[in-house]
Amino acid sequence: RTQTVFGVGNPEARVLIVGEAPGKNEDLQGEPFVGAAGKYLNELLAIAGLSREDVYIANVLKCRPPSNRDPRPEEIQACTPFLREQTRTINPEYIVTLGNFSTKFILQTNTGITRLRGKIHVTGPFRVIPTFHPAAAIYDRSKIGAIEQDFDLIKLLLDTDAAREKAGRDDEEANHD
Ligand code: URA
């Protein structure tokens, strides 16, 4: 690998996006999701009403595996203390896990992504929304409907939170009148 790819984005983000590992472009630029999968991720974020500046983006592995092969258990073990600390520091409300590797780590499960996606999972203080990896949806277009539905769900959740917060503020103001 050329360099580590630690993570990028808003340290106050309400939404943390977790991918698998840097690819060729990420390794060259030092930033996650800057290649084709990243371009599609930007479109998916827009579906949820989000931009890259709103979220924090990290990967399970911080270094590109040779020829983009799957992460090995010892590599996951070496890198996840960093992801754990990123999660703790950013303290997001939502974690969106992209694909099997990040979903397995965040939810500590062996269940596959196809069964887990489309639902909200709770782990500790976090609400986790697992979805397909954008690269998998580019490769297998039958996954596009599902992945876009998952980002619609994220929009719904964020909009509902915003409406609830506004109602709370309006109530407080009414109580002061
Ligand atoms: N795929 C990932 O999982 N992460 C990246 O940063 C880029 C592609």
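Scroll up a little and you will see the structure.
Residues numbered from 1 in each chain as written. Predicted model: local features only at pLDDT ≥ 70, side-chain atom pairs only at ≥ 80, totals over all residues. Heavy atoms only, no water.

A few points about helix H2 (residues 36-47)
For clarity, the threshold we go by: Helical segments are the DSSP runs of H or I of at least four residues, strand segments are the runs of E of at least two, and each set is numbered from the N terminus. The span one expects for a helix is its residue count, reduced by one, times 1.5 Å. Contacts are residue-level and defined by heavy atoms, with any inter-residue pair within 4.5 Å sufficient.
Compared with the 16 Å implied by 1.5 Å per residue over 12 residues, the 17 Å span of H2 between its first and last C-alpha is a close match. Buried residues in H2 make contact with strand S2 (15-19), strand S3 (56-59), strand S4 (94-98), helix H6 (134-139) and helix H7 (144-176). One or two steps after H2, the chain reaches glycine 49, where phi turns positive at roughly 75°.

Let's talk about the packing of helix H3 (residues 73-90) against helix H4 (residues 100-107)
Cut-off, in case you're wondering: Fitted lines through C-alpha atoms give the axes, limited to the stretch in contact for helices. The angle between two N-to-C directions lies from 0 to 180 degrees. In this scheme, roughly parallel covers angles under 35 degrees and roughly antiparallel covers those over 145, while 65 to 115 is roughly perpendicular and the rest are oblique. For any helix crossing, the convention is left-handed if the near helix is rotated counterclockwise from the far helix by under a right angle, and right-handed if that rotation is clockwise. Gly is placed with the polar residues, together with every amino acid not listed as nonpolar (Ala, Val, Leu, Ile, Met, Phe, Trp, Tyr, Cys and Pro) or charged (Asp, Glu, Lys and Arg).
It is at 12 Å that the axes of H3 and H4 come closest, and there the two elements cross at 65°. Overall, the two elements H3 and H4 adopt an arrangement that is roughly perpendicular. Note that H3 runs across H4; the crossing there is right-handed. Here Ile76, Thr80, Leu83 and Arg84 of H3 come into contact with H4, specifically with Phe101, Phe105 and Ile106. The class makeup of the residues in the contact of H3 with H4 is five nonpolar, one polar and one charged.

Concerning the site of the ligand
To be explicit about the condition: Throughout, near means a residue has at least one heavy atom within 4 Å of the molecule or strand. Nitrogen and oxygen atoms within 3.5 Å of one another constitute a polar contact, given that in protein one can donate a hydrogen and the other can accept it, and given that sequence-neighbouring residues count only through two side-chain atoms. Residue burial considers only the protein chains on display, and all accessible areas are found by Shrake-Rupley using a 1.4 Å probe.
Taken together, the neighbourhood of the ligand is formed by Gly19, Glu20, Ala21, Glu26, Pro32, Phe33, Asn59 and His133. A distance of 2.9 Å separates an oxygen atom of the ligand from a polar atom in the backbone of phenylalanine 33. The side chain of asparagine 59 places a nitrogen or oxygen atom 2.8 Å from a nitrogen atom of the ligand. Relative to its free-state accessible area of 240 Å², the ligand is covered by the protein chains to the extent of 91%. Classifying every residue of the shell around the ligand by side-chain character gives three nonpolar, three polar and two charged.

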